[in-house]
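Residue-level listing of the chains:
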Amino acid sequence: MTLLVNGRFLTQQATGVHRFAYEICRAFTEQGIDFTILVPNALLCQNAKIFKLRRVGHTQSHLWEQVELPWYVHRHYRGAVLLNLTGLSPIVYSNSITTIHDLSFLENPHWFSFAYRCWYRLMTPISAKRAHHIFTVSEFSKQEIERRLHIKSEKITVVYNAVSEKIEPQTTNNHTGEKYLLAVSSIEPRKNLLRLLQAFKKVEDSQLRLYVVGAKHKVFAEVNTKQIDNDRVVFTGYLTPEQLYAYYANACVFAYPSLYEGFGIPVLEAMHFGCPVLASDIPPLHEVANDSALYCNPYDVDDIAEKLNRLMSDETLRQQLSAKGKARSALFSWQKSAHLMYQVISRINKK
């Protein structure tokens, strides 16, 4: 079997879906699986040198993915399996496997820019139907794909996210010993930051700070965070994984009141580092955290505030959630996920 990977993710700033792609490829490499990543010329990822890469074409973005990439594969690797790990697969290439992380653009199109939602609402159903198989990251997302895209269950396999154990938190961190809450997400409506900021104003401990790690992106609708005036809230912008992991390791509580998720990698990361988690009471986050988190109604500011106050005032509860979270996160492994994915790809290729 000739296995190729769509390497467009290596040209983009890392988010959850990009980390999924990178870690699966790294696990493939460590397991001795032979594959080649085809990438555009605009390679950004500095850690891509561990992979076998081949630069393809002259364009970028969707034009590269839908035109140059499949044309190159057809000419030079006819019949090869093309694995797409971050979203759309080329709809004109027949032997393609795609990954759909979630269908948030169908749940609420207005969370995204007009161009993004139009493109993905048009292309995702086509990509899903033409793909030989679909990977997704939770049973919740699998059910969503079945229901919304009318795909049969046997065509979809759940491959969970995990936490990279190759990355160590920075040893020097200015916030060691500081009392703070942590939120990690892109700055977009779906992540529900405005309600979190409103709830934070009701937190009783006036010495507590809130660090929000994440950046805006053109594909998301605008979030006017300036309407919340609070000098105890700090927006850090994008951080490297090493910097981010240090924030997890020193936070009192991690808050994730997201309205919709496919998986929720930050919840798993927080648990891995023993940070007590407050999460939205939505199915995918229950699937990730089980009984290792405290849950809140993401639409109720008072409930979010009440749960934050409960966590900050109850050290025993925080310790219990910390211990449960570490044990829960250990059940997720990139090695296991990559092994499962490769088994499925091999089985499909033999048919």
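Predicted model only: the values in this text are computed from it and were never measured.

So, how was this worked out
All residue numbers here refer to positions counted from 1 along the written sequence of the relevant chain. Confidence filtering applies because this is a predicted model: local features only for residues at pLDDT of at least 70, side-chain atom pairs given and counted only at 80 or more, and all residues used for totals across whole chains, interfaces and linings. Values reported for side chains reflect all heavy atoms of the structure, with hydrogen atoms and water molecules removed beforehand. We count a stretch as a helix when DSSP gives it H or I for four or more residues in a row; a strand needs E for two or more, and each element gets its number in order from the N terminus. For the radius of gyration, the atom set is restricted to C-alpha positions; the globular benchmark scales as 2.2 Å times the number of residues to the power 0.38. Remark: exposure states derive from per-residue accessible area (1.4 Å probe, protein chains only) relative to the maximum for the residue type, with buried under 20%, exposed over 50%, and partly exposed in between. Note on definitions: a residue-residue contact is assigned when non-hydrogen atoms from the two residues lie within 4.5 Å. Computed with the Shrake-Rupley method and a 1.4 Å probe, the accessible areas treat only the protein chains shown as cover for residues. For the charge count, each Lys or Arg is scored as positive and each Asp or Glu as negative, with His and the chain ends excluded. Where a charge lies is defined by one atom per residue type, namely NZ (Lys), CZ (Arg), CG (Asp) and CD (Glu). Note on terminology: a nonpolar core comprises buried Ala, Val, Leu, Ile, Met, Phe, Trp, Tyr and Cys residues joined through side-chain atoms within 4.5 Å. What counts as a salt bridge is simple: a side-chain nitrogen of Lys or Arg found within 4 Å of a carboxyl oxygen of Asp or Glu. Put simply, the grid is 1 Å and covers the protein atoms alone, a cavity is a trapped set of points that fit a 1.4 Å probe, a pocket is an open set with protein on both sides within 12 Å along at least five of seven lines, and lining residues have an atom within 4 Å of a point. Grid points are joined across faces, edges and corners, and a volume is the space filled by probe spheres set on the points. Under the scheme applied here, ten amino acids are nonpolar (Ala, Val, Leu, Ile, Met, Phe, Trp, Tyr, Cys and Pro), four are charged (Asp, Glu, Lys and Arg), and all others, including Gly, are polar. Axes here mean lines fitted to C-alpha atoms, for a helix over just the part in contact, with angles spanning 0 to 180 degrees between N-to-C directions. We call two directions roughly parallel when the angle between them is under 35 degrees, roughly antiparallel when it is over 145, roughly perpendicular when it lies between 65 and 115, and oblique otherwise. In this scheme, a crossing is called left-handed if the near helix is turned counterclockwise away from the far one by less than a right angle; it is called right-handed if the turn is clockwise. At least two bridges found by DSSP between two strands is the condition for calling them paired.

1. A short note on the overall build of the protein
Tallying secondary structure elements over the protein gives 12 helices and 13 strands in all. Its C-alpha atoms give the protein a radius of gyration of 20 Å, near enough to 20 Å, the size a compact globule of 351 residues would have. Each of the 351 residues in the protein was classed as buried or not, and the buried ones make up 57%. Across the protein, every contact between residues at least 6 apart in sequence was considered, and the portion connecting residues at least 24 apart equals 67%. Carbon and sulfur atoms make up 49% of the accessible area of the protein, which amounts to about 15,800 Å² in all. Computing the positive centroid from 40 side-chain charges and the negative centroid from 32, the protein places the two 9 Å apart.

2. With respect to the nonpolar core
Within the largest apolar cluster, 62 residues are counted, with the highest numbers of intra-cluster contacts made by L83, L182, F254 and M341. Ranked by the residues each element gives to this core, the list is headed by helix α1 (residues 16–30), at seven residues. Setting aside residues up to four positions removed in sequence, M341 forms contacts with F20, I24, F28, L83, L85, F135 and V159. Counting 27 residues, the second-largest nonpolar core is a separate cluster that includes L196, L197, F200 and L311.

3. Examining the pattern of salt bridges
What the rule picks out here adds up to 16 salt bridges. Here R147 and E144 are joined by a salt bridge, their closest N and O atoms 2.6 Å apart. In this pair, R147 and E144 both sit in helix α5 (residues 139–149), three residues apart, roughly one turn of the helix. Taking the relative accessible area as the measure of exposure, E144 reaches 7% and is therefore buried. Residues joined by salt bridges that share partners form a network here, namely E107, E144, R147 and R148.

4. Details of the layout of surface pockets
When its volume is computed, the second largest pocket comes out at roughly 620 Å³. Around the second largest pocket, the lining is made up of 27 residues, and of these A14, C45, N47, Y238 and P241 lie nearest the centre. Sort the elements by how many residues they give to the lining of the second largest pocket and α1 lands first, with five residues. The class makeup of the residues in the lining of the second largest pocket is 14 nonpolar, seven polar and six charged.

5. Remarks on the packing of helix α8 (residues 265–272) against helix α11 (residues 315–329)
At a closest axis distance of 7 Å, the pairing of α8 and α11 adopts a crossing angle of 115°. The orientation of α8 with respect to α11, classified from their angle, is roughly perpendicular. Relative to α11, the crossing made by α8 is left-handed. Judged by residue contacts, L268, M271 and H272 of α8 engage G325, K326, R328 and S329 from α11. Counted by class, the contact of α8 with α11 contains two nonpolar, three polar and two charged residues.

6. Some thoughts on the sheet that holds strand β8 (residues 180–184)
Read from one edge to the other, the open sheet built from six strands follows the order β10-β9-β8-β11-β12-β13, with strand pairing classed as parallel. The open sheet terminates on both sides in strands that have one partner only, identified here as β10 (233–237) and β13 (294–296). Adjacent strand axes in the sheet meet at a mean angle of 25° when their direction is disregarded. Here β8 pairs with strand β9 (residues 209–213) via five bridges, running parallel.

7. Observations regarding the packing of helix α6 (residues 193–200) against helix α10 (residues 301–313)
One can describe the packing of α6 onto α10 by two numbers: an axis separation of 8 Å at closest approach and a directional angle of 55°. Overall, the two elements α6 and α10 adopt an arrangement that is oblique. α6 and α10 meet at a crossing whose hand is right-handed. Of the residues in α10, those in contact with R195, L196, Q198 and A199 of α6 are V301, I304, A305 and L308.

8. Comments concerning unusual backbone geometry
A positive phi angle, near 60°, is found at H150, a position not held by glycine. Mapped onto the elements, H150 comes out in the loop between α5 and β7 (156–158). Despite not being glycine, N290 shows a phi value in the positive range, around 55°. Take N290: it is sitting in the loop between α9 (283–289) and β13.

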